[in-house]
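# Architecture at a glance
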Amino acid sequence: MHLAIPRLGNGAGLIMPENAPAMSSRRFFSPAPVEERAKVLLVDDRPDKLLALQAALAGLDEDLIIAHSGKEALRQLLVHDVAVILLDVNMPVMDGFETAALIRQRHNNEKTPIIFISALNPVENHVTRGYSLGAVDYIFSPVVSDVLQAKVAVFVDLYKRTREVKRRADWLRQEAELRAANLELRLDSLLNRLNVGVFRANRSGRLLSANPAYHRLFSINPSTTASSIDMNHFFVSEGDRLGLMARLLANGKIQEAYVQQRRMDGEVLWTSLSMAVSTDVDGTQSIDGMVEDITARKETEAALISKAEELARSNAELEQFAFIASHDLQEPLRMISSFASLMTSRYGGQLDTKGLSFLLQIELSAKRMQELVCSILSYSKTGKMVQRSPVDTADLVQRTLAGFEDALSEAAVEIDYTRLPVLDGDQVMLTQVFQNLIGNALKFRHPQRNPQIRIDAEQIEGAWLFTIADNGIGIPPEFHEKIFGIFQRLHTRDEYPGTGIGLAICKKVIERHGGVITIESHPDQGSTFRFTIPVPDPDARSSQT
Ligand code: ADP
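Keep in mind that what you see is a predicted model, and the values were worked out from it rather than measured.

## Considerations on helix α8 (residues 295-347)
Each α-helix winds once per 3.6 residues, and so residues spaced three or four apart point in a common direction. The end-to-end C-alpha separation of α8 is 76 Å, in line with the 78 Å expected for 53 residues at 1.5 Å each. Of all the bends in α8, the greatest, near 30 degrees, is centred on Gln330, and the proline Pro332 appears no more than four residues after it. Among the residues of α8, Thr295, Glu319, Ser326, Gln330, Leu333, Ser337 and Ala340 are the ones counted as buried. Those residues of α8 that are buried are in contact with β9 (268-279), β10 (285-293), α9 (353-381) and α13 (502-512).

Next comes the structure, spelled out in structure tokens:
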């Protein structure tokens, strides 16, 4: 008996599987096809006939396995995976049909092609019996070499192709399993390192799995099994829990819900909870997504809110104080002023020049102090409550300019104010803004050129943007912030009159309307003030004049 030893083929070439990405990584290539020789089992009790079969199949270059009886054939099939079996019908003890019946009972050989070889003349029921036992062909000896070789070659080819397809399918399955395992590993390591709690629970809230951060967040002992934990117990308020679950089941997900939860050790924390309902391949629904401890953020927020409230309270108190103080100071100031003038008119004659100049100083200082007190009073009265109504800003500018008649007649002033809108705002407060800004543009005019003032407005997203630009003396950039403070001036009163309250009032008014005021200016290059007045809703009453 010749027992064939399988020989590996020389297939060194690599074949890319279909649809594989063109990457250089070795893992994306399927293994090379194996050029292994196939095995053909020849079963006959007569050595001469076996020799004849071997000679007929020599040209195939496959491994031929010999068995001299049905019993030996079955033994060979235990150790060899064969492509096709040539089975002599007429054998002693166990004939070909009996052998075929036993071969078919083996799971591995349920479908192995069997070619029956018979020396007998065909009797119809003989052939039928052969086919009923799963014969794929029936040939008669003496065999014709070419015919036999061609028939066996077809089955060998089929066997090799099937083997290759199976091998590739196995390789692809292994590769898919490997990738899935790698992915799972990476996901696990990510979840383990994550600082955010990630969990999976069933629909009733019992945990299925949770990462270490989840355990830490709720002070769960790491050795506790997930299924013993019911996440419903972590909610502080039953109302919160029911509300969230109802939203989750209705919408399929919840994004960053802020809710108070209680740890296993009883400590209460603020959490941001995101959940989503997911459905497994078997149709089971579970709850995924994340939980994050936001206690620190919430505490900072609460501290900020209380600080802002405290600040607003103290601001209101200060404003109240400024209002009362300035109001009460007015009376004694009036007294100083009027007694100083009384003194001058009645007793001026009895004083020398020095005495008269002292009295004048008292009068001037009292006047100045009155101005300052008036400024504080008007600042503290400004912006207490914004009373909104439609304001025609073109009309407002026109009336403001009328108030500056003297200044306008002094020099050739060019003023351009087209396209001003009607907007929602406080008429009195906005008048103060235009009065101060236009007044400053006229006051801080450049000594060498005629004043030019351009007032404009454009609608930007959600607001009106006003621009008041002049060609005056300008302001160095380092003072741009300072000039919006109370009593902040860049010049002496001899150079330019004023108390330094105008821009502070503008800032307060604009901010009370929800807008912002900015300046763009350089010395000698004029100044451009810009401010916004938000539009309460996109369809708010506004039009261009
Ligand atoms: P006041 O006009 O009474 O001095 P403001 O608060 O209106 O007070 O202005 C503060 C300072 O800002 C002014 O003293 C001036 O130095 C500067 N300033 C304001 N507007 C202009 C302007 N249009 N051009 C140049 N400087 C200006």
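On we go.
## Focus on the site of the ligand
Around the ligand, the structure places 21 residues, and the nearest of them are Asn440, Lys443, Asp470, Arg489 and Leu503. The side chain of Arg489 places a nitrogen or oxygen atom 2.8 Å from an oxygen atom of the ligand. Taking 520 Å² as the accessible area of the ligand by itself, protein coverage stands at 98%. Of all the secondary structure elements, the ones that give two or more residues to the shell around the ligand are α12 (427-443), α13 and β17 (527-534). With 3 residues, α12 is the single largest residue contributor to the shell around the ligand.

## Some points on unusual backbone geometry
A positive phi angle is found at Val93, which is not glycine, with a value near 65 degrees. Its location among the elements puts Val93 in the loop between β3 (84-88) and α3 (96-105).

## A look at the side chain of Arg368
Along the chain, Arg368 falls in helix α9. For Arg368, the side chain forms a polar contact with the side chain of Glu371, separated by 3.0 Å.

## Re the packing of helix α10 (residues 393-403) against α12
Viewed as axis vectors pointing N to C, α10 and α12 meet at an angle of 50 degrees, and their least axial separation amounts to 10 Å. In terms of their interaxial angle, α10 and α12 are classed as oblique. α10 and α12 meet at a crossing whose hand is right-handed. Taken together, the residues of α12 that come into contact with α10 (itself represented by Thr393, Leu396, Val397, Arg399, Thr400 and Leu401) are Gln427, Leu430, Thr431, Phe434, Gln435 and Ile438. Within the contact of α10 with α12, the residues separate by chemical class into 6 nonpolar, 5 polar and 1 charged.

## Re a nonpolar patch on the surface
A cluster of nonpolar side chains, namely Met343, Tyr347, Leu351 and Leu356, defines an oily patch on the protein surface of about 320 Å² accessible area. Along the polypeptide, Leu351 turns up in the loop between α8 and α9. Classification of Leu351 as partly exposed rests on a relative accessible area of 31%.

## Some words on the packing of aromatic side chains
Remark: the centre distance and the inter-plane angle together describe each pair of aromatic rings, the angle taken between the planes. Scanning the entire structure with this criterion turns up 12 aromatic pairs. Between the aromatic rings of Phe116 and Tyr138, the centroid separation amounts to 5.9 Å while the plane-to-plane angle is 40 degrees, which identifies the pairing as tilted. In this pair, Phe116 sits in strand β4 (residues 114-118) while Tyr138 sits in strand β5 (residues 135-140), placing the two residues 22 residues apart along the sequence. The class of Phe116 is buried, set by a relative accessible area of 0%. Look at Tyr138 and you get buried, because its relative accessible area is 7%. Aromatic pair Phe434 and Phe466: ring centres 5.8 Å apart, planes at 80 degrees, arrangement edge-to-face. Linking Phe434 in helix α12 with Phe466 in strand β15 (residues 463-470), this pair joins segments that are 32 residues apart in sequence.

Reading the values: rules and limits
- Residues numbered from 1 in each chain as written.
- Predicted model: local features only at pLDDT ≥ 70, side-chain atom pairs only at ≥ 80, totals over all residues.
- Heavy atoms only, no water.
- Helix = DSSP H or I, 4+ residues; strand = E, 2+ residues; numbered from the N terminus.
- Expected span 1.5 Å × (residues − 1).
- Bend = angle between axes of the 7 residues up to and from the residue.
- Buried < 20%, exposed > 50% of the residue type's maximum accessible area, 1.4 Å probe, protein only.
- Contact = heavy atoms within 4.5 Å.
- Near = heavy atom within 4 Å.
- Polar contact = N/O pair within 3.5 Å; in protein donor to acceptor, adjacent residues only side chain to side chain.
- Areas by Shrake-Rupley, 256 points an atom, 1.4 Å probe, with all protein chains shown as cover.
- Axes fitted to C-alpha atoms, helices over the stretch in contact; angles between N-to-C directions.
- Parallel < 35°, antiparallel > 145°, perpendicular 65-115°, else oblique.
- Left-handed = near helix turned anticlockwise from the far one by under 90°.
- Nonpolar A, V, L, I, M, F, W, Y, C, P; charged D, E, K, R; others polar.
- Patch = residues over 30% accessible without salt bridge, like charges linked within 9 Å, V, L, I, M, F, W, Y side chains within 5 Å.
- Salt bridge = Lys/Arg side-chain N within 4 Å of Asp/Glu carboxyl O.
- Phe/Tyr/Trp six-rings, centres within 6.5 Å; stacked < 30°, edge-to-face > 60°.

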